[in-house]
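Structural overview for review
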Amino acid sequence: MEEMEEERSYNKLEWFFYIIFIPVLFTLVLSAIIAQMFGYNVVGVLAKELNNLPVVEKIIPDAAVTRSETAADGTKTDEKDIKISELEAKLAAKEREIEKIKKEAQQEQQKSKQLAQQAEVQQEADKAAQAQANEEKQKQIKNLAKIYTSMSAGKAAPILEKMAPEESASLLLVMKAEERSAIMAKMDPKKAADLSLLLKETSLHNNTDPGALQQRLMELKYNASVRELASSIASMQPASAADLIERMFKADEKKAVLVLSQVDAAQRGQVLSALAQDQSRAALAAKISQKLLTY
């Protein structure tokens, strides 16, 4: 009976050992190996913990714990070295990129300087060419003026009258005063008056360029037109003058305001009052009044 109990007890111990203890131990060892492969210092941690036990610490030497800690530190150091190497590589790449950008900026700056120098040289060349062209034009004008001064005033005057005003003024300007006077005396009075004004303005500005003469002639004609319209409005009834100013303002605001500025203040007030009496034109009267303040 006692033998059977011992056998039964022995079988339970075997069952615990083979079914529970060995699989658990195998699992723990396998897990430790895998963790060690992935960089976790299982041996060092286990040795350090066992070294803290009162009895086991005599079995496990301190050197094992030290080697484990050293190995762990070495693994960490290697990882730090790898990270440092990666950061250094990135820093070097950024420095190369910055250097490349600096070189490109220097090249662009050099190109800009070259373009600026080329533009300056071209500008100087254009000025020289323009000066030469003006000089040649002046020579041509003087030579042509000599031809007309060699004619009689009666023959030269009709020819100059048929020319554009700026061309006639350019020729007359290089002639002597007595030659110019003789030719203009044979011209149509209106034509001679316009040329006289143009010659006067040209002499004051010391400019014989045909384009400038044409521009000044247009200004003189514009001003003459303004004076004539102002004189006409001064002789009209306020209501009729208001209608004319309204139409003129729609076509040319500047001219309408200039014309009113040339009219006597009392007559101008009557014209603006005639405009303001009609509600549809009250805003127009206010706008014209505001613009008159700038003249």
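Here is a short report on the structure shown in this document. (Residues numbered from 1 in each chain as written. Predicted model: local features only at pLDDT ≥ 70, side-chain atom pairs only at ≥ 80, totals over all residues. Heavy atoms only, no water.)

**Digging into the overall build of the chain**
Short version of the rule: Per the convention used, a helix needs a DSSP run of H or I reaching at least four residues, while a strand needs a run of E reaching at least two, with both numbered from the N terminus. When a residue's accessible area, from a 1.4 Å probe over protein chains only, is under 20% of the maximum for its type it is buried; when over 50% it is exposed; and in between it is partly exposed. Any two residues whose heavy atoms approach within 4.5 Å are treated as being in contact. Shrake-Rupley sampling with a 1.4 Å probe provides the accessible areas, and residues are treated as covered by the protein chains on show and by no other component.
Within the chain, the secondary structure is distributed over twelve helices and zero strands. Secondary structure elements of the chain occur, N-terminal to C-terminal, as α-α-α-α-α-α-α-α-α-α-α-α. Within the chain, the proportion of its 295 residues that are buried is 22%. Taking the contacts inside the chain whose residues are at least 6 apart along the sequence as the reference set, 57% of them involve residues at least 24 apart. Total accessible area on the chain stands at roughly 21,400 Å², and carbon and sulfur atoms take up 57% of it.

**With respect to helix α9 (residues 238-251)**
The condition that has to hold: Helix span, as expected, comes to 1.5 Å for every residue beyond the first.
Helix length check: α9 (14 residues) gives 20 Å between terminal C-alpha atoms against 20 Å at 1.5 Å per residue, within 8%. Within the sequence span of α9, burial applies to Ala-241, Ala-242, Ile-245, Glu-246, Met-248 and Phe-249.

**Re the pattern of salt bridges**
Formally: Throughout this description, the term salt bridge denotes a Lys or Arg side-chain nitrogen within 4 Å of a carboxyl oxygen of Asp or Glu.
For the structure on display, the rule yields six salt bridges. Residue Lys-250 is joined to Glu-246 by a salt bridge in which the shortest nitrogen-to-oxygen separation is 3.9 Å. One end of the pair is Lys-250 and the other is Glu-246, both in helix α9 and four residues apart, which spans about a single turn. Here Lys-250 falls in the exposed class, since its relative accessible area comes to 68%. Linking Arg-281 and Asp-278 is a salt bridge whose minimum nitrogen-to-oxygen distance equals 4.0 Å. In this structure Asp-278 comes out as partly exposed when scored by relative accessible area, which is 35%. Residues joined in a network through salt bridges with shared partners are Asp-243, Glu-246, Lys-250, Asp-278 and Arg-281.

**Some points on the side chain of Glu-246**
Given the relative accessible area of 17%, Glu-246 is considered buried. Not counting residues within four places of it along the chain, the set of residues in contact with Glu-246 comprises Leu-275, Arg-281 and Leu-284.

**Some points on the nonpolar core**
Which entries qualify depends on this criterion: Residues grouped as a nonpolar core are buried Ala, Val, Leu, Ile, Met, Phe, Trp, Tyr and Cys residues, joined through side-chain atoms within 4.5 Å.
Ranked by size, the top nonpolar core spans 22 residues in total, and within it Ile-245, Val-259, Leu-260, Leu-275 and Ile-288 carry the most contacts. For this core, the secondary-structure elements that each account for two or more residues are α8 (210-234), α9, α10 (253-262), α11 (265-277) and α12 (282-292). Membership of the second largest hydrophobic core comes to 19 residues, among which are Ala-153, Ala-192, Leu-195 and Leu-198.

**Here we look at the side chain of Ser-168**
You can see Ser-168 is positioned in helix α5 (residues 165-173). Overall, the relative accessible area of 0% leaves Ser-168 in the buried class. Look past the residues within four positions of Ser-168 in its chain and what remains in contact with it is Leu-160, Met-163 and Leu-195.

**Concerning the environment of Met-236**
Here Met-236 lies in the loop between α8 and α9. Along the chain, Met-236 and Gln-267 lie 31 residues apart, while their C-alpha atoms are 9.6 Å from each other. If we skip the residues at most four places from it in the chain, Met-236 touches Ala-241 and Leu-244.

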